[in-house]
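Overview (structure and organization)
Listed below are the residues making up each chain.
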Amino acid sequence: MADKCPVDHGSHSSDQSCPVDHKSRTTWASVLSGTSPAHTVNASSLSTEREVSSIPRTDNGNWVYPSEAQFFAAMARKNHNPHAPDMKTIIPIHNAVNERAWSELMKWESGRGGEKCGGVKLVTFKGRPNDLTPKARLMTLLGYSAPFDRHDWVVERCGTRIRYVIDFYTGRGAGPSSNNVSFYLDVRPALDNWEGVKMRAENIWQGWFGSVRSSNTPSHS
């Protein structure tokens, strides 16, 4: 059965090691702090239930997200001063955002033949919150907010491995007192091999010429 979640855990490999990269844990905790319920939650009462993701592993089964207790304990081991009530908010949002990241990644993989050999699978992952991608760096120079986190995910499609970069952006809901956190994910193949370059070029081509064809198609209404 799967025993990891699709967030980097560094060089650790056992279930006793931290299931989430300590940098990513701190990043997510800082972004989501203050959104947890007001009632008191003790660390001893945190759930040990783990959610199975929809993200396939290469050795059968799917990746499994950390429980509230694991997330809290891993942060505590690194002296990051976690707050137990925050785990009630961090875990479901963390899991949902990773599911969305996989969904966006699979849009890139659609129609590329992965289903012929059992589907696309996540091989490795790495959290790199302090490393801006070239695109994110350019956007910050243009005055846009920097992403609060970055992941590199390597997937396998019928023997071909493709690295994807994921920039995570966040904002707050409308209104001065809003505590609702919204997320935007920029998921795309890395430009470090021919497959990634080809996929990005095809996406630009289809986006441009597809919109041109649509605008030139006569209406039948």
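Whatever comes next refers back to the structure up there.
Criteria and cut-off values
- Residues numbered from 1 in each chain as written.
- Predicted model: local features only at pLDDT ≥ 70, side-chain atom pairs only at ≥ 80, totals over all residues.
- Heavy atoms only, no water.
- Helix = DSSP H or I, 4+ residues; strand = E, 2+ residues; numbered from the N terminus.
- Buried < 20%, exposed > 50% of the residue type's maximum accessible area, 1.4 Å probe, protein only.
- Contact = heavy atoms within 4.5 Å.
- Areas by Shrake-Rupley, 256 points an atom, 1.4 Å probe, with all protein chains shown as cover.
- Salt bridge = Lys/Arg side-chain N within 4 Å of Asp/Glu carboxyl O.
- Polar contact = N/O pair within 3.5 Å; in protein donor to acceptor, adjacent residues only side chain to side chain.
- Core = buried A, V, L, I, M, F, W, Y, C linked by side-chain atoms within 4.5 Å.
- Patch = residues over 30% accessible without salt bridge, like charges linked within 9 Å, V, L, I, M, F, W, Y side chains within 5 Å.

Another aspect to go through is the overall build of the chain. Along the chain, the regular secondary structure elements total five helices and six strands. Along the chain, from the amino end to the carboxyl end, the secondary structure elements read α-β-β-α-α-β-α-β-β-β-α. With 221 residues in all, the chain has 42% of them scored as buried. Residue pairs in contact within the chain that sit at least 24 positions apart in sequence constitute 61% of those at least 6 positions apart. Total accessible area computed for the chain in this model is approximately 12,000 Å², and 52% of it derives from carbon and sulfur atoms.

This paragraph deals with the pattern of salt bridges. For the structure on display, the rule yields 16 salt bridges. A salt bridge links Asp192 to Arg163, with the nearest nitrogen and oxygen atoms 2.8 Å apart. You can see Asp192 sitting in the loop between strand 6 (181–189) and helix 5 (194–216) and its partner Arg163 sitting in strand 5 (residues 160–172), a full 29 residues away along the chain. Overlapping salt bridges bring together Arg128, Asp131, Arg150, Asp152, Arg163 and Asp192 as one network.

Tracing the backbone shows Asp152 in strand 4 (residues 149–157). Residue class for Asp152 comes out buried when judged on its relative accessible area of 6%. Among the polar contacts listed, one links the side chain of Asp152 to the side chain of Arg150, at a separation of 2.9 Å. Excluding residues within four positions of it along the chain, Asp152 makes contact with Thr124, Phe125, Lys126, Arg128, Arg163, Tyr164 and Val165.

Quick look at the nonpolar core now. Counting 22 residues, the largest nonpolar core has Trp102, Leu122, Trp153, Val155 and Tyr164 as its most contacted members. For this core, the secondary structure elements donating two or more residues are helix 3 (84–109), strand 3 (121–127), strand 4, strand 5 and strand 6. Element by element, the count of residues in this core is highest for helix 3, at five residues.

Glancing now at a nonpolar patch on the surface. Residues Leu138, Leu142 and Tyr144 make up a contiguous nonpolar surface patch of about 350 Å² in total accessible area. Take Leu138: it is sitting in helix 4 (residues 134–141).

Right, let's get into the environment of Ser53. With respect to the helices and strands, the residue Ser53 is situated in strand 1 (residues 52–56). What makes Ser53 buried here is its relative accessible area of 3%. Taking the C-alpha atoms as reference points, Ser53 and Trp63, ten residues apart in sequence, are found 5.6 Å from one another. In this structure Ser53 touches Asn62, Trp63, Val64, Tyr65 and Glu99, once residues within four positions along its chain are discounted. Engagement of the side chain of Ser53 in a polar contact is seen with the backbone nitrogen of Ile55, the distance being 3.0 Å.

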